[in-house]
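Per-entry structural report
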Amino acid sequence: MPQQIREQLKALDFLTGLTDTAIHQLAKHVETRTFETNAELFTQGQPRELMAILLSGAVAIEKSAGDRPIRLVTLGVGQAVGEGILLDELPHGTTARALQDTTAFVLTRAKVADILKDYPQLYAALVGRAARAISQRLAATDATLAGRGRLMGFSGAEGRTEKDLLGTREVPGDALYGVQTLRALENFPITGTPIRELPALIDALAAVKEAAALANHELGLLDAERCEAITSAAREIRAGRHHEHFLVDVMQGGAGTSTNMNANEVIANRALELLGERRGNYERLHPNEHVNLSQSTNDVYPTAVRLSLHGEIETLRGAMRELAEAFLAKGREFSPLLKMGRTQLQDAVPMTLGQEFAAFGHTMLEDVDRLGESLSLIREINMGATAIGTGITAPAKYAESVRRHLSEVTGLALVTAPDLVEATSDTGAFVQLSGVLKRCATKLSKICNDLRLLSSGPRAGFGEINLPPMQPGSSIMPGKVNPVIPEVVNQVCFDIIGGDMTVTMAAEAGQFQLNAFEPVIAFRLLRGIASLRNACTVLRMRCVEGITANPDRLKRFVEESIGIVTALVPVLGYATCTDVAKEAASSGRGVYDIVLSRGLLTRERLDEVLNPVAMIGGQAG
């Protein structure tokens, strides 16, 4: 085992150049650890306790900015994370998160102290490598934080010159993107949201490029070496690496061309590295001629959007099912509690609180089914259409080949549209999906309205249920607690409902053989799905699961309500019951008391008719 560890250490880039003696010394101090996908190796603000050199997998370095992390760089096999432990005792300035199951050699703080004490030359060698790695990482961060084409100035790293239709430009040397991405950064400083914040779309773009390379190789258009490099780079992206280089704004002109070229350039430059070439050496492997071979933005982008939507819809359906189950569980819990139902905010007839909550669950499950129905439309793609659907520049049999490979890559049963000209300009599937999302949002917002009303008060409102208190509700009113969770879900729903109009107008605005406004459609749908998914999770965990009932208040409302007179209509008739209701309203007396005092029914018969089970038709929850 020690010999195996030494051999593994020798193969790691971070340790290149260490003597055999140093490797032998280091092998005695490292331990092997495995980190599951999404596990944090260390956390921003926490004390430095370890550094790790990656044996397998990938790690993202993230910096918190408000309520969401910004990915600065991704690291792979042979690279080190947390090496700042060699330099100082300050807390971690970033978070390291495993993008996939990752194995690493780990040096703990105690082991670093032992090395410093017993092997100062080894410690000095590690410090030198840490300084070099941090310098390289700053240069990479400089490239990936470029805004409007300007660097942040973290390092003095050299650039490289790239050329396109409009001339030459200097691109950061550590950037995986190229000149066309750089121009898009300058042209579209719109939302401040780069496409790297839509990881599902990036993964889908990489899947399309992988499938295209495989199809082109199968048809004899792409040699095996380039195909392997492109597919390997695409697979790294699908595993979570290099997303930080996808920088173009989600809102862009050009029907998604900037997004497609961002993907082409990142994959090309990473493929060049895998071939042992320098970034930007496009004579060896070109973003357009090889990565984009047999493709156009007009079939790549809509296909990638559909693939990303398919996966995101499934995660939304999962979150909605869990929320529905939480409502149904409350329905079972509250099934014995009789209450007054209301129509038009007026007392209607009795029901149980369980029935009310079960209805919330069932109406959400309906929308889970409606979202499922939309998936079949989303799985229809137009790969092979190229520019306008005629397939120009793509060889015969390419459309079927790329569909088959893309189905294998994604695990989805994809279908090529029967009319690629029609499919290239058609956005009907997006409009239909947007309408289903609007339906989901409308119904969920109505549920949140009901939760806020049912919990209103707590003493001067309905007060039938209690929402779990999440935070103080006022800067001026002591003791006030607001229904903040339903309120935030309401706002998410409002945004999605408004987004449906955006999708509708963007779909309507297409001309002839292409819709140029698919970027805003993709942004609204992907962001809407993510927001709705998060809202469902928050509503379930921070509200619904903690709801409690107020049985005494529920009972009092039933007993004092005039609405229970409806249960007497089959026995006394509508006219008599109307008279009883009128007297109850004018006198303030209860229905029960009036019926007995008039001798309309005996006590036994009245108790029988007003039995809770009888009043709700035998359905208790």
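Residues numbered from 1 in each chain as written. Predicted model: local features only at pLDDT ≥ 70, side-chain atom pairs only at ≥ 80, totals over all residues. Heavy atoms only, no water.

1. So, the overall build of the protein chain
- A tally of regular secondary structure across the protein chain gives 22 helices and 16 strands.
- Here the protein chain holds 621 residues, and 51% of them are scored as buried.
- At a minimum sequence separation of 6, the contacts of the protein chain that also span at least 24 residues come to 73%.
- Here the protein chain carries 63 positive and 72 negative side-chain charges, and the mean point of each set is 3 Å from the other. (Helix = DSSP H or I, 4+ residues; strand = E, 2+ residues; numbered from the N terminus. Buried < 20%, exposed > 50% of the residue type's maximum accessible area, 1.4 Å probe, protein only. Contact = heavy atoms within 4.5 Å. Lys, Arg positive; Asp, Glu negative; His and termini not counted. Charge placed at Lys NZ, Arg CZ, Asp CG, Glu CD.)

2. As for helix H8 (residues 257-274)
- With 18 residues, H8 should reach 26 Å at 1.5 Å per residue; the first-to-last C-alpha distance of 25 Å fits that figure.
- Counting buried positions along H8 yields 15 of 18 residues, so the element is predominantly enclosed. (Expected span 1.5 Å × (residues − 1).)

3. Let's talk about the pairing of strand S8 (residues 102-108)
- Burial of S8 is extensive: 7 of the 7 residues sit out of reach of the surface.
- Alternating positions in S8 separate into two faces, Thr102, Ala104, Val106 and Thr108 on one and Thr103, Phe105 and Leu107 on the other, with burial throughout.
- Across 5 bridges, strand S1 (residues 31-35) lies against S8 in antiparallel orientation. The partner of Thr32 across the bridge, within S8, is Phe105. (Pairing = 2+ DSSP bridges.)

4. Structural notes on helix H12 (residues 398-410)
- Between the first and last C-alpha of H12 there are 18 Å, a value that for 13 residues agrees with the 18 Å anticipated at 1.5 Å per step.
- When H12 is considered as a whole, its buried residues turn out to be Tyr398, Ser401, Val402, Arg403, His405, Leu406, Ser407 and Val409.
- Of the surrounding secondary structure, the elements contacted by the buried residues of H12 are helix H6 (199-218), helix H7 (224-238), helix H10 (297-333), strand S13 (380-381) and strand S14 (415-416).

5. Some remarks on the sheet that holds S1
- An order of S1-S8-S3-S6 is seen for the 4 strands of this open sheet, with the pairing classed as antiparallel. The sheet is open, and its two edges are formed by S1 and strand S6 (80-81), each paired on a single side.

6. Here's the deal with the packing of H7 against H8
- Running from N to C, H7 and H8 cross one another at 115°; their axes reach a closest spacing of 8 Å. By crossing handedness, the relation of H7 to H8 is classed as right-handed. Across the interface between the two elements, Ala229, Ile230, Ser232, Ala233, Glu236 and Ile237 of H7 pack against Val266, Ile267, Arg270, Ala271 and Leu274 of H8.
- Class assignment of the residues belonging to the contact of H7 with H8 gives a composition of 8 nonpolar, 1 polar and 2 charged. (Axes fitted to C-alpha atoms, helices over the stretch in contact; angles between N-to-C directions. Left-handed = near helix turned anticlockwise from the far one by under 90°. Nonpolar A, V, L, I, M, F, W, Y, C, P; charged D, E, K, R; others polar.)

7. Overview of the environment of Leu554
- Mapped onto the elements, Leu554 comes out in helix H17 (residues 551-560).
- Discounting chain neighbours no more than four positions away, the residues touching Leu554 are Leu337, Leu338, Lys339, Leu353, Glu464 and Ala549.

8. Let's talk about the nonpolar core
- Grouped together as the largest cluster of nonpolar side chains are 116 residues, with contacts concentrated most on Leu309 and Leu539.
- Among the elements that take part in this core, H10 stands out by supplying 14 residues, more than any other.
- Each residue touching Leu539, except ones within four places of it in the same chain, is listed here: Leu323, Leu444, Cys448, Leu451, Ile485, Pro486, Val489 and Val544.
- Judged by nonpolar contacts, the second largest core, of 26 residues, contains Leu26, Ala27, Ile85 and Ala133. (Core = buried A, V, L, I, M, F, W, Y, C linked by side-chain atoms within 4.5 Å.)

9. Description of the packing of aromatic side chains
- One pass over the structure, following the stated rule, counts 4 aromatic pairs.
- Their ring planes at 75° and their centres at 5.3 Å tell us that Phe334 and Phe357 sit as a pair that is edge-to-face. With Phe334 in the loop between H10 and strand S11 (338-343) and Phe357 in helix H11 (residues 353-378), the pair connects residues that are 23 residues apart, well separated along the chain.
- The exposure class of Phe334 is buried, given its relative accessible area of 2%.
- Ring geometry for Phe357 versus Phe360: centroids 5.4 Å apart, planes at 65°, classification edge-to-face. Of this pair, Phe357 and Phe360 both sit in helix H11, 3 residues apart, which is roughly one turn of the helix.
- Put simply, the rings of Phe327, Phe334, Phe357 and Phe360 touch in pairs and so form one group of aromatic residues.
- One residue, Arg306, lies across the ring of Phe430, its end atom 5.2 Å from the ring centre. (Phe/Tyr/Trp six-rings, centres within 6.5 Å; stacked < 30°, edge-to-face > 60°. Lys NZ or Arg CZ within 6 Å of the ring centre and 35° of its normal.)

10. Quick look at the packing of H6 against H12
- Two numbers describe how H6 lies on H12: the axes approach to 8 Å, and their chain directions differ by 130°. One way to sum up the angle between H6 and H12 is to call them oblique. For H6 against H12, the interelement crossing comes out right-handed. Counting all contacts with H6, which are made through Ala207, Val208, Glu210, Ala211, Ala212, Leu214, Ala215, Asn216 and Glu218, the residues of H12 involved are Tyr398, Ser401, Val402, Arg404, His405, Leu406, Val409 and Thr410.
- Its residues placed into classes, the contact of H6 with H12 shows 10 nonpolar, 4 polar and 3 charged. (Parallel < 35°, antiparallel > 145°, perpendicular 65-115°, else oblique.)

11. Observations regarding the side chain of Arg97
- For Arg97, the position within the fold is in strand S7 (residues 95-98).
- One polar contact links Arg97 to Glu40, side chain to side chain, over a distance of 3.4 Å.
- When neighbours within four sequence positions are excluded, Arg97 is seen to be in contact with Asn38, Ala39, Glu40, Leu41, Ala58, Val59, Ala60 and Glu62. (Polar contact = N/O pair within 3.5 Å; in protein donor to acceptor, adjacent residues only side chain to side chain.)

12. Examining a negative patch on the surface
- Taken together, Glu380, Asp419, Glu422 and Asp426 make up a surface patch of like negative charges.
- Glu422 sits in the partly exposed class, given a relative accessible area of 37%. (Patch = residues over 30% accessible without salt bridge, like charges linked within 9 Å, V, L, I, M, F, W, Y side chains within 5 Å. Areas by Shrake-Rupley, 256 points an atom, 1.4 Å probe, with all protein chains shown as cover. Salt bridge = Lys/Arg side-chain N within 4 Å of Asp/Glu carboxyl O.)

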